[in-house]
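# Structural description and commentary
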Amino acid sequence: METSELLKRVRRIEIKTRGLSSNIFAGEYHSAFKGRGMMFSEVREYQYGDDIRNIDWNVTARHNHPYVKVFEEERELTVMLMIDVSASRNFGTVSKLKKNQITEIAAVIAFSAIQNNDKIGVIFFSDKIEKFIPPKKGRTHILHIIRELIDFHPEDSRTNIEQALQYVTNSIKKRCTCFLISDFIDDHEFAHALSIANRKHDVVALRIYDQRENVLPPVGMMFLRDAETGEQMWVDTSDKRLREAFEKDAFLREKELDAVFKKAGVDMANIRSDEDYVRALIALFKKRA
């Protein structure tokens, strides 16, 4: 992509997503994602209704009057975006490719994070770790992330979510919030790795999908190609039994995914590539809050 066009796209995404973060998501994000705990702030004189468990007995003895410890939330978080960059993200049949939806959602989360003084980093993965951007703060860092989201070209085309989860578990030492953003089209079993990752970190799953991955239109013979494996075939979509079998298979895949996330204790949201993601993210944030 030409540098000038890339910068224009970065700017457009910045304007849209930073506005959403400021006006819609700021309070929801802060409530949904907690800090690491409570830290001591100061002492003050005891007031009626204060918890007596917070009385500072040393200060109370010196002043011959009860004083209590005041705590505040240790707010700063580290947020990691785990972005699936396998070839299936290049699919889209309506107004937007899955990868474009992923870019906007990731940018919204990034701006929400820095507005709350959180660090944010990125892991791009296919069937291997393609790139790691260490967590930092600041607008310049966010713009670098957005440029990479728009113009990153992975070396491999397939998907291995298990490997990505193992990487974040082993490489990120301190507890962080991990947004796993993918279409979850993966032949590998990742349930065990997800459970382990969520015990160490706070994992949130965002499934980005296209409507044609669930329902085939009756348009006659259709040529299909698997973007990740290269497998090709002709399909007769006028065959009602074939369409019903396709929909049933898609339904079962979603049920299995839901069960995996539920068992691991991972919050998740399903977001269609051509739909407004704002409502889905707000619902997810409110659920966590």
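Calculation rules
Residues numbered from 1 in each chain as written. Predicted model: local features only at pLDDT ≥ 70, side-chain atom pairs only at ≥ 80, totals over all residues. Heavy atoms only, no water. Salt bridge = Lys/Arg side-chain N within 4 Å of Asp/Glu carboxyl O. Helix = DSSP H or I, 4+ residues; strand = E, 2+ residues; numbered from the N terminus. Buried < 20%, exposed > 50% of the residue type's maximum accessible area, 1.4 Å probe, protein only. Right-handed = clockwise from strand over helix to strand, strands pointing away. Pairing = 2+ DSSP bridges. Expected span 1.5 Å × (residues − 1). Axes fitted to C-alpha atoms, helices over the stretch in contact; angles between N-to-C directions. Parallel < 35°, antiparallel > 145°, perpendicular 65-115°, else oblique. Contact = heavy atoms within 4.5 Å. Nonpolar A, V, L, I, M, F, W, Y, C, P; charged D, E, K, R; others polar. Core = buried A, V, L, I, M, F, W, Y, C linked by side-chain atoms within 4.5 Å. Patch = residues over 30% accessible without salt bridge, like charges linked within 9 Å, V, L, I, M, F, W, Y side chains within 5 Å. Areas by Shrake-Rupley, 256 points an atom, 1.4 Å probe, with all protein chains shown as cover. Phe/Tyr/Trp six-rings, centres within 6.5 Å; stacked < 30°, edge-to-face > 60°. Lys NZ or Arg CZ within 6 Å of the ring centre and 35° of its normal.

### As for the pattern of salt bridges
Using the criterion set out here, one finds 14 salt bridges in the structure. Residues Lys96 and Glu104 are paired through a salt bridge, measuring 3.7 Å at the closest nitrogen-oxygen approach.

### Side note on the environment of Leu252
By secondary structure assignment, the location of Leu252 is in helix 7 (residues 240-264). As a C-alpha pair, Leu252 and Asn214 span 38 residues in sequence and 10 Å in three-dimensional space.

### Focus: the pairing of strand 7 (residues 202-209)
Across the eight residues of strand 7, eight count as buried, placing the element largely inside the fold. Side chains of strand 7 alternate between two faces, with Asp202, Val204, Leu206 and Ile208 and Val203, Ala205, Arg207 and Tyr209 buried alike. Handedness of the strand 6 (residues 177-182)-helix 6 (residues 191-200)-strand 7 crossover: right-handed. Summarising the sheet, strand 7 and strand 10 (residues 267-272) pair through six bridges and their orientation is parallel. Bridge pairing in strand 10 places Tyr209 opposite Arg272.

### Some points on helix 3 (residues 98-115)
For helix 3, spanning 18 residues, the distance from its first C-alpha to its last is 26 Å, which sits close to the expected 26 Å at 1.5 Å a residue. Burial analysis of helix 3 places 14 of its 18 residues in the buried class, which makes it a mostly covered element. Looking one or two residues past helix 3, Asn117 carries a phi angle of roughly 65 degrees, positive in sign.

### Some points on the packing of helix 3 against helix 4 (residues 139-151)
At a minimum axis separation of 10 Å, helix 3 and helix 4 run at an interaxial angle of 170 degrees. Between helix 3 and helix 4, the angle falls in the class roughly antiparallel. Together, Thr103, Ala106, Ala107, Ala110, Phe111 and Ile114 of helix 3 and Arg139, Ile142, Ile146, Leu149 and Ile150 of helix 4 make up the contact between the two elements. Of the residues belonging to the contact of helix 3 with helix 4, the class tally is nine nonpolar, one polar and one charged.

### Focus on the nonpolar core
Formed by 45 residues in total, the largest nonpolar core has its most connected members in Leu81, Ile83, Ile146, Phe179, Ile181 and Leu206. Here this core gets nine residues from one element, more than from any other, and that element is helix 3. Every residue in contact with Ile83, bar those within four places of it in the chain, is listed here: Ile102, Ala106, Val122, Ile123, Phe124, Phe125, Leu149 and Ile181. Grouped together as the second largest cluster of nonpolar side chains are 24 residues, Ala164, Val168, Leu194 and Ala205 included.

### Examining the pairing of strand 3 (residues 78-84)
Counting buried positions along strand 3 gives seven out of seven residues, so the element sits mostly inside the fold. Across seven bridges, strand 3 lies against strand 4 (residues 119-125) in parallel orientation. Each residue of the ladder has a partner; that of Ile83, found in strand 4, is Phe124. At this point the chain moves from strand 3, through helix 3, to the parallel strand 4, and the crossover so formed is right-handed. Inspection of the sheet shows strand 3 paired to strand 6 by five bridges, in the parallel sense. Directly across from Val79, in strand 6, lies its bridge partner Thr177.

### A look at a nonpolar patch on the surface
Side chains of Met221, Phe223 and Trp234 sit close together on the surface and give an oily, nonpolar patch of about 380 Å² of accessible area. Tracing the chain through its elements places Phe223 in strand 8 (residues 221-225).

### As for the packing of aromatic side chains
Following the criterion strictly, the structure yields five aromatic pairs and no others. Look at Phe184 and Phe190: their rings are 5.9 Å apart centre to centre, the planes differ by 35 degrees, and that puts the pair in the tilted class. For the pair shown, Phe184 and Phe190 are each scored as buried. Ring centres 5.2 Å apart and planes at 80 degrees place the aromatic pair Phe184 and Phe261 in the edge-to-face group. Remark: Phe261 occurs in helix 7 and Phe184 occurs in the loop between strand 6 and helix 6; sequence separation between them is 77 residues. Relative accessible area serves as the criterion here: at 7%, Phe184 is assigned to the buried category. Assessed through its relative accessible area of 1%, Phe261 is described here as buried. Ring-pair connections join several aromatic residues into one group, and the members of that group are Phe184, Phe190 and Phe261. If you follow Arg207 out to its NZ or CZ, it ends over the ring of Tyr209, 4.5 Å from the centre.

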